[in-house]
Amino acid sequence: MSNTDILIWNTAVVVGFMTGDRRIAVPTDARVLNWGAARAGFREMGLPDLAEFVRLFVLELAYRADLDGRDGEANSASLLRIAELKKRFQAVEAEVDFPLELSRMIERRRGT
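Only a predicted model underlies this, so the values are computations on that prediction, with no experimental measurement involved. (Residues numbered from 1 in each chain as written. Predicted model: local features only at pLDDT ≥ 70, side-chain atom pairs only at ≥ 80, totals over all residues. Heavy atoms only, no water.)

A closer look at the nonpolar core
What counts, and what does not: Joining through side-chain atoms within 4.5 Å is the link that ties buried Ala, Val, Leu, Ile, Met, Phe, Trp, Tyr and Cys residues into a set, and such a set is a nonpolar core. Exposed residues in this analysis have more than 50% of their type's maximum accessible area, buried residues have under 20%, and partly exposed residues fall in between, with area computed by a 1.4 Å probe over protein chains only. Only DSSP runs of H or I covering at least 4 residues are called helices, and only runs of E covering at least 2 are called strands; the numbering of each starts at the N terminus. Contacts: residue pairs with any heavy atoms within 4.5 Å of one another.
In terms of nonpolar packing, the biggest core is built from 27 residues, with Val-14, Phe-42, Leu-47, Leu-50, Phe-53, Phe-89 and Phe-98 touching the most fellow members. Of all elements in the fold, only helix H1 (3–19), helix H2 (35–44), helix H3 (48–65), helix H4 (72–93) and helix H5 (98–110) reach the threshold of two or more residues within this core. Here the element with the most residues in this core is H1; it accounts for 7 residues. Beyond its immediate sequence surroundings of up to four residues, Phe-42 is in contact with Thr-11, Val-14, Val-15, Leu-47, Pro-48, Leu-50, Ala-51, Val-54, Phe-89 and Phe-98.

Below is the structure:
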């Protein structure tokens, strides 16, 4: 994949995962392969709050990877942080037409 494809794909996968919007054409089992590219995609779309969301989400995933599964209190706190992040993403979602913004990014990136 080209750098442009990596940026577009990873941003679209995050949007698809967080919104469930079926207009975002990514397979249901798609995975983010490059979180940095997703951050860059949101910055390019003029959505710095979502770029920060990606950074915080990755930090939380890293924390969860090292979490002792028997620590119920830490697990609950982590899940609450993830829920809060998702809530913040959804607040932006209410104001942004993601399919339109992704198509604009594709047009800019591909020069079409």
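Things to note about the packing of H1 against H4
For clarity, the cut-off: Whenever a helix is involved, its axis is fitted only over the stretch in contact; in every case the axis is a line through C-alpha atoms, and angles between N-to-C directions fall within 0 to 180 degrees. Oblique is the label for any angle not under 35 degrees, not over 145, and not in the 65 to 115 range, which are roughly parallel, roughly antiparallel and roughly perpendicular in turn. Asp, Glu, Lys and Arg are counted as charged, while Ala, Val, Leu, Ile, Met, Phe, Trp, Tyr, Cys and Pro are counted as nonpolar; the rest, among them Gly, fall into the polar class.
Viewed as axis vectors pointing N to C, H1 and H4 meet at an angle of 100°, and their least axial separation amounts to 10 Å. By the angle class used here, H1 and H4 are roughly perpendicular. Side by side, H1 and H4 meet where Val-14, Val-15, Met-18 and Thr-19 of the first sit next to Lys-86, Phe-89 and Glu-93 of the second. For the contact of H1 with H4, the per-class residue count stands at 4 nonpolar, 1 polar and 2 charged.

Observations regarding the side chain of Glu-60
The test is simple: Distance and chemistry together define a polar contact, namely a pair of N or O atoms within 3.5 Å, with one atom able to donate a hydrogen and the other to accept it when in protein, and with adjacent residues in sequence counting only for side-chain atoms on both sides.
Tracing the backbone through its elements, the reader meets Glu-60 in helix H3. Polar side-chain contacts of Glu-60 include one of 2.7 Å to the side chain of Arg-81. Setting aside residues no more than four positions away along its own chain, Glu-60 makes contact with Ser-78, Arg-81 and Ile-82.

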